[in-house]
Amino acid sequence: MANTTNMSAAAIALNRFGLGARADDAVPNDPKKWLLDQFSQYQAKPISLANQPNTANLIAKFTQQQQEMRKLDDADKKDMKRTFRREIKDTYQDAVSARATLALTSPTPFMERLVHFWANHFAVSIEKPAIADLAGVFEFEAIRPNILGNFKDLLFAVERHPAMLIYLDQVKSIGPNSKAGSRSAEKQPDKKRGLNENLAREIMELHTLGVRSGYTQEDVTEFARALTGWSIAGLGKDKAASSEANGFMFRPQLHEPGERNIMGKAYHQAGKAQAEAILIDLANSRATATHISTKLAQHFVSDTPPESLVNKLTQAYLASNGDLSKVYRALIEAPESWLSSPAKFKTPWEWLISSLRGLGRQNLDNIKVGQILNQLGQQTWKPGSPAGFDDIAATWAAPNALLRRVELAQRLVAPLGDKLDARVLADKVLLGAVSDQTKTAISRSESASTGLALLLVSPEFLRR
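Residues numbered from 1 in each chain as written. Predicted model: local features only at pLDDT ≥ 70, side-chain atom pairs only at ≥ 80, totals over all residues. Heavy atoms only, no water.

**Student:** Describe the overall build of the protein chain, with residues and values.
**Tutor:** Scanning the protein chain for helices and strands turns up 23 helices and four strands. In summary, the protein chain has a C-alpha radius of gyration of 24 Å against a globular reference of 23 Å for 464 residues, a match within 12%. The principal-axis extents of the C-alpha atoms in the protein chain amount to approximately 80 × 55 × 40 Å. Of all 464 residues assigned to the protein chain, the portion counted as buried reaches 54%. Sequence separation of 24 or more characterises 74% of the internal contacts of the protein chain that already satisfy a separation of 6 or more. Carbon and sulfur atoms make up 50% of the accessible area of the protein chain, which amounts to about 20,700 Å² in all. (Helix = DSSP H or I, 4+ residues; strand = E, 2+ residues; numbered from the N terminus. Rg over C-alpha atoms; globule rule 2.2 N^0.38 Å. Buried < 20%, exposed > 50% of the residue type's maximum accessible area, 1.4 Å probe, protein only. Contact = heavy atoms within 4.5 Å. Areas by Shrake-Rupley, 256 points an atom, 1.4 Å probe, with all protein chains shown as cover.)

So this is what it looks like as structure tokens:
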């Protein structure tokens, strides 16, 4: 039987760069132009997110709740905590639904894929209860508005957001020789308080330079000293420090005084400006350019991307001083991005969204996206570590994982009955990249819904 699974350029644009073709999609005559046009069409704050809470309001609400809690007896505190947990769960589920609905309906699916990429690069996790309240607004306010700008601006927005500061314990970090550190040591000499290096380490290892890029443990510690004072509003009673619109607050009384020396460079700045200067240098580093380019190439093209593609993206990053739109343009223009073999295995999120798009869903109705993704092993905003979810086939293609997709595919198509013909739909959503084996399996299926389920778990649909 002939192998017809090689992807056309239009299929690559819709399914590899985008979030999955819809049966009613117009096939782009010029796939590269279709992708490039999305740069100007993208809406960082679409109407569908208008009802989502903002960070400042969530932080203010949390602060007020903590103040009220202190006035209650133990029994009332338990009741109030239960109420808080329900409210946080509702906020989280609403944000997950808003994210998924946007992925189904957005006219700029390439841009939405980039939002998801960066949200995973700068991962936070709802394993910490406070993050369940903030994970949605973190993506909506820190990631979405900055995906087309300079990497430095994206980096600043992310590292100063309360979700990241709480997730990586920056709010607990105190300079040992700061005013607060010295006071604490005098009052409670037996109680250890001091630096927390989590944020500094993950910025260097995961967010910017990457592992084995030349920095040392001492560099991490020095960066952690520079970051002391980076905190959020609503903690403590310091009236002198002023909070910013997103809830970020610099607390000078926590900041470790003195010069910092990182990777051979001295930073003489005082206060908040010291860590800012370090972040700018990290953003401008060649190691960061290579790390970001490698991850983008791995996400869009192959688990082991061609070195030539990584080099092109790295050069675009360095030549533009970190202009992300220039890096994406280099990705689109590179021949390596358009290899016809579907090399990337879809993550559970990618598979679910592309399935719903392929089936023509414009809304979620009764589909509980959060619950489904939990069953598939990729609960939204809950990776196992700050490294985010893996972006390679080995993590997602195990037999048990595939069996769960088969079961869920049957549930997704059940409401459709015989309304869709899988043979027709296969050609529309895969744009002809369907093997004879898959066509035969679908044609022999005992019902229309079984044929649809077979399409959703076919080798061609599972890859992009």
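Having put the structure on the table, let's press on.
**Student:** Just give me the short version of the pattern of salt bridges, but keep the residues and values in it.
**Tutor:** Side chains carrying opposite charge are able to pair once their charged atoms draw close together. Under the definition given, this model contains 24 salt bridges. One salt bridge in this structure joins Lys152 and Asp153, with 3.2 Å as the shortest N-O distance. Under the relative-accessibility criterion, Asp153 is labelled partly exposed at 38%. Among the salt bridges present, the one from Glu222 reaches Arg260, with a minimum N-O distance of 3.0 Å. Of the two residues, Glu222 is situated in helix H11 (residues 217-227) and Arg260 in strand E3 (residues 260-262); the sequence distance between them amounts to 38 residues. On the basis of relative accessibility, which here comes to 7%, the residue Arg260 falls in the buried class. (Salt bridge = Lys/Arg side-chain N within 4 Å of Asp/Glu carboxyl O.)

**Student:** Lay out the domain arrangement of the protein chain with the relevant residues and their values.
**Tutor:** Splitting the protein chain by domain gives domain 1 (9-26 + 344-462) and domain 2 (165-301 + 304-342). Each of domain 1 and domain 2 has a C-alpha centre, and these two points are 36 Å apart. Across the contact, twelve residues belong to domain 1 and 16 residues belong to domain 2. Surface buried jointly by domain 1 and domain 2 totals about 1,300 Å² across both partners, of which 58% is contributed by carbon and sulfur atoms. If you sort the residues of domain 1 by the area they bury against domain 2, Arg16, Phe17 and Lys344 come out on top, with a joint share of 50%. Here domain 1 and domain 2 share five residue pairs in polar contact (both at pLDDT 80 or more) between them. Among the elements that make up the side of domain 1 that touches domain 2, the one with the highest residue count is helix H1 (residues 9-17) (five residues). Across the side of domain 1 that touches domain 2, the residue classes tally to seven nonpolar, one polar and four charged. (Domains from an automatic or database assignment. Buried area = accessible area lost by both parts, 1.4 Å probe. Polar contact = N/O pair within 3.5 Å; in protein donor to acceptor, adjacent residues only side chain to side chain. Nonpolar A, V, L, I, M, F, W, Y, C, P; charged D, E, K, R; others polar.)

**Student:** With reference to specific residues and values, describe the environment of Arg85.
**Tutor:** Within the secondary structure, Arg85 sits in helix H4 (residues 74-105). The exposure class of Arg85 is exposed, given its relative accessible area of 53%. Sequence separation between Arg85 and Leu19 is 66 residues, and the spatial gap between their C-alpha atoms is 33 Å.

**Student:** Lay out the nonpolar core in plain terms, naming residues and giving numbers.
**Tutor:** Formed by 136 residues in total, the largest nonpolar core has its most connected members in Phe110, Trp118, Phe122, Phe151, Phe223 and Trp351. Looking at which element gives the most residues to this core, the answer is helix H6 (residues 129-143), with nine residues. Formed jointly, this core draws a minimum of three residues from each of two domains, domain 1 (9-26 + 344-462) and domain 2 (165-301 + 304-342). Leaving out residues up to four positions away in the same chain, Phe110 has contacts with Phe17, Gly18, Leu35, Gln38, Phe39, Phe300, Tyr328 and Ile332. (Core = buried A, V, L, I, M, F, W, Y, C linked by side-chain atoms within 4.5 Å.)

**Student:** Can you break down the packing of aromatic side chains residue by residue, with the values?
**Tutor:** For the structure on display, the rule yields 15 aromatic pairs. Seen in terms of ring centroids, Phe110 and Phe300 are 5.8 Å apart; in terms of plane orientation they differ by 75°. Their pairing is edge-to-face. With Phe110 in helix H5 (residues 109-121) and Phe300 in helix H13 (residues 286-300), the pair connects residues that are 190 residues apart, well separated along the chain. Accessibility expressed as a relative area gives 0% for Phe110, which makes it buried. On the basis of relative accessibility, which here comes to 1%, the residue Phe300 falls in the buried class. Plain terms: the ring middles of Phe140 and Trp381 are 6.5 Å apart, the flat faces sit at 80° to each other, and that makes the pair edge-to-face. Taken together, the residues Phe140 in helix H6 and Trp381 in the loop between helix H17 (369-376) and helix H18 (393-396) connect sequence positions 241 residues apart. For the pair shown, Phe140 and Trp381 are each scored as buried. (Phe/Tyr/Trp six-rings, centres within 6.5 Å; stacked < 30°, edge-to-face > 60°.)

**Student:** Account for the packing of helix H10 (residues 198-207) against H11, with residues named and values stated.
**Tutor:** Where H10 meets H11, the closest approach of the two axes is 8 Å, and the angle between their N-to-C directions is 120°. Taken together, the axes of H10 and H11 are oblique relative to one another. Both H10 and H11 take part in a crossing whose hand is right-handed. Contact with H10, carried on its side by Leu199, Ala200, Arg201, Ile203 and Met204, involves Gln217, Asp219, Val220, Phe223, Ala224 and Leu227 of H11 and no other residues of that element. (Axes fitted to C-alpha atoms, helices over the stretch in contact; angles between N-to-C directions. Parallel < 35°, antiparallel > 145°, perpendicular 65-115°, else oblique. Left-handed = near helix turned anticlockwise from the far one by under 90°.)

**Student:** Please set out the side chain of Ser337 residue by residue, giving values where relevant.
**Tutor:** Along the chain, Ser337 turns up in the loop between helix H15 (324-333) and helix H16 (348-358). Assessed through its relative accessible area of 0%, Ser337 is described here as buried. Among all residues touching Ser337, those that are not within four sequence positions of it are Ile12, Arg16, Phe17, Val301, Leu309 and Leu331.

**Student:** Residues and numbers for the side chain of Glu139, please.
**Tutor:** Here Glu139 lies in helix H6. The residues touching Glu139, leaving out its near neighbours within four places in the chain, are Arg99, Val115, His116, Ala119, Arg144 and Trp381.

**Student:** Describe unusual backbone geometry, listing the residues and the values that go with them.
**Tutor:** Not every positive phi belongs to a glycine, and Asp169 is a case in point at roughly 65°. By relative accessible area, which is 12% here, Asp169 ends up buried. Phi is positive for Asn321, close to 55°, though the residue is something other than glycine. The topology assignment puts Asn321 in the loop between helix H14 (307-319) and H15.

**Student:** Explain the environment of Leu403 to me, using residue names and the numbers behind them.
**Tutor:** Relative to the assigned elements, Leu403 resides in helix H19 (residues 399-413). Measuring from C-alpha to C-alpha, the distance between Leu403 and Gly234 comes to 47 Å, with 169 residues separating the pair along the chain.

**Student:** Break down the environment of Leu318 for me, citing the residues and quoting the values.
**Tutor:** Here Leu318 is to be found in helix H14. Here the alpha-carbon distance between Leu318 and Arg361, two residues 43 residues apart in the chain, equals 41 Å.

**Student:** Give a description of H5 that names residues and reports values.
**Tutor:** The terminal C-alpha atoms of H5, which comprises 13 residues, lie 18 Å apart, in line with the 18 Å expected from a rise of 1.5 Å per residue. Here H5 lies mainly inside the structure; twelve of its 13 residues are buried. Residues of H5 that are buried include every one of Pro109, Phe110, Met111, Glu112, Arg113, Leu114, Val115, His116, Phe117, Trp118, Ala119 and His121, and no others. (Expected span 1.5 Å × (residues − 1).)

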